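Observations on chain architecture
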Amino acid sequence: MAERRALAVGSVLILCGLILVCGPYVRAQTDESTKTWAPTSSRGVSTERPAAEWWNSFHDGELTRLIHRAVNNNLDLRLAAARVDEARAARGVAKSAFYPSVGVTTSAQRLRERVPVFNPSTNTAAFYPVELNNFQVGFDSAWEIDVFGRIRNEVKAASANVRSAEEDRRDILVALLAEVARSYADLRGFQLRLEIAEKNIQTQEDTVHLTQARAAAGLVTQLDVSRAVAELETTKAVVPSLRSAIAASIHRISVLLGQEPTALENELQTSAPVPVVPPEVPVGLPSDLLKRRPDVRRADDEIAAAAANVKAAKADYFPKFTLFGSAERQATQLHDLSLSLGNFFAVGPAISLPLFTGGRIRSNIAVQNARWKQTQILYQSTVLNSLEETENALVNYSQEQERRDRLQAAVSQNQTALKLSQELYTSGLGDFLAVLDAERQLYGNEDLLAQSQTAVTTNLIALYKALGGGWESFPQQ
């Protein structure tokens, strides 16, 4: 009767343990109320599935080559890959608890003892020194039977940590792709602005020469010459800052490629056009975004790991069942040892049940529950931030295109105004201030147009980054 009662109690404990410890992990849920993007950001975009290799949409061979070189050589990406290897190794450590552990011990000793020897003739005993060898070889094994899922949930947590590390690498990869493309677009934008400045410097130098000739002929005063020279020097003052920006962009790209800052100077110093954006950009839907962004996927894996850790912590409330086995052989001569069971062996189960731990188990469960709640909050925050980042990128990209179009119209009118003012001034019908003002406005708007063209490209790159794509093309080796 007592054995049946013990068996019933044990069955109830096992059933309760399975319910408390091995419940299913429920994947994080998100608010599906956001079905489409805001209508204010619809220019130049479509809801088709985004392309994985988004950099190809710029049709810039140099940019494509730089991106592939960065993926192969970037140090931050290599560091993230090493963290993935670490997480995989940690999972292997957790999985090893599923299997028995077997160890072997050997020893060889030279012993000297004093042993009593009885002399029957004198009916006395005397102690004599005796020396002998002692050789021992033993095997020990232990195997914990995972009845309540502690080991199983620790492996689940380790597996989720591996997925989280892989998503972290992908997140770094997404940021790297965008950073290389943005730095490249900035470089071409600065080179374009330098070309515009140098072109306007040439135009303003021609104006200075013309004004000096007219002043020598007595047609204008020295005031016009001073104004023309001042305008020229103002434009020349912009050149050093643009050259510094060009150098800094080259240095940034070189470091992103895992090289010294000056390694790409010869390759990138020659000017090239700013990458041109495609007429339409596929961005998908918000629901697709949450499945594609590595940071959202990583946050979801962190919830899974935390949930498994909670279950593993709860398993400490229940007994641990372990099978032990050991065998040992002892001999005074080395050739007397064998692998067969010899002098000693022991085999049997062991059960350990915590009775009093000072609240350690309860506190550990509270710790794991708190961490699980933190991962849920972090997931919600990550989702909202990803939606905000994408919405902002869409608005910035759409509105910058309109700004670029307005500036193009302004530059066209500035060119006409400059031509007319120069003709009037040359014929003596116009004031020189009108020429200077037309030159100033033309250069200013051309520079703004170059900045806007660059901004359209960089805003599109920011949009591609916010969409979280690109990592699919570079699976980890």
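Some thoughts on the confidence of the model for the chain
Should the pLDDT be low somewhere, the predicted coordinates at that spot are not to be read in detail. Confidence along the chain averages 84 in pLDDT terms, with 89% of residues attaining 70 or more. By mean pLDDT, helix 1 (residues 2-21) is the weakest element of the chain at 42, and helix 6 (residues 238-256) is the strongest at 95.

Notes on the packing of helix 4 (residues 150-216) against helix 10 (residues 360-426)
At a closest axis distance of 12 Å, the pairing of helix 4 and helix 10 adopts a crossing angle of 15°. As far as their axial angle goes, helix 10 and helix 4 are roughly parallel. Note on packing geometry: the crossing formed by helix 4 with helix 10 is left-handed. From helix 4, Thr203, Thr207, Leu210, Thr211 and Arg214 reach across to helix 10, where they touch Gln422, Tyr425 and Thr426. Here the residues of the contact of helix 4 with helix 10 sort into two nonpolar, five polar and one charged.

Section: the side chain of Asn445
With respect to the helices, strands and loops of the structure, Asn445 is situated in helix 11 (residues 432-467). Among residues more than four places away in sequence, those in contact with Asn445 are Leu407, Ala410, Val411 and Asn414.

Section: the packing of aromatic side chains
Scanning the entire structure with this criterion turns up six aromatic pairs. Arranged with centres 5.5 Å apart and planes meeting at 75°, the rings of Trp54 and Trp55 form a pair that is edge-to-face. Here the two residues Trp54 and Trp55 agree in accessibility, since each one is buried. Taking 5.0 Å as the distance between ring centres and 15° as the angle between the ring planes, the aromatic pair formed by Trp54 and Tyr464 counts as stacked. On the criterion of sequence distance, the pair formed by Trp54 in the loop between strand 1 (45-46) and helix 2 (61-73) and Tyr464 in helix 11 is long-range, its members being 410 residues apart. On the accessibility criterion, Trp54 (2% relative accessible area) is buried.

Points about the pattern of salt bridges
Taken as a whole, this structure holds 25 salt bridges when the rule is applied. In this structure, the salt-bridge partner of Glu179 is Arg252, at a minimum N-O distance of 3.7 Å. Of this pair, Glu179 sits in helix 4 while Arg252 sits in helix 6; the two residues are 73 residues apart in sequence, bridging distant segments of the chain. Exposure remark for Glu179: the relative accessible area of 21% places this residue in the partly exposed category. Residue Arg252 is classed as partly exposed on the basis of its relative accessible area of 34%. Bridged by salt links that share partners, the residues Glu179, Arg182, Asp186 and Arg252 form one connected network.

The rules behind each value
Residues numbered from 1 in each chain as written. Predicted model: local features only at pLDDT ≥ 70, side-chain atom pairs only at ≥ 80, totals over all residues. Heavy atoms only, no water. pLDDT = per-residue confidence, 0-100. Helix = DSSP H or I, 4+ residues; strand = E, 2+ residues; numbered from the N terminus. Axes fitted to C-alpha atoms, helices over the stretch in contact; angles between N-to-C directions. Parallel < 35°, antiparallel > 145°, perpendicular 65-115°, else oblique. Left-handed = near helix turned anticlockwise from the far one by under 90°. Contact = heavy atoms within 4.5 Å. Nonpolar A, V, L, I, M, F, W, Y, C, P; charged D, E, K, R; others polar. Phe/Tyr/Trp six-rings, centres within 6.5 Å; stacked < 30°, edge-to-face > 60°. Buried < 20%, exposed > 50% of the residue type's maximum accessible area, 1.4 Å probe, protein only. Salt bridge = Lys/Arg side-chain N within 4 Å of Asp/Glu carboxyl O.

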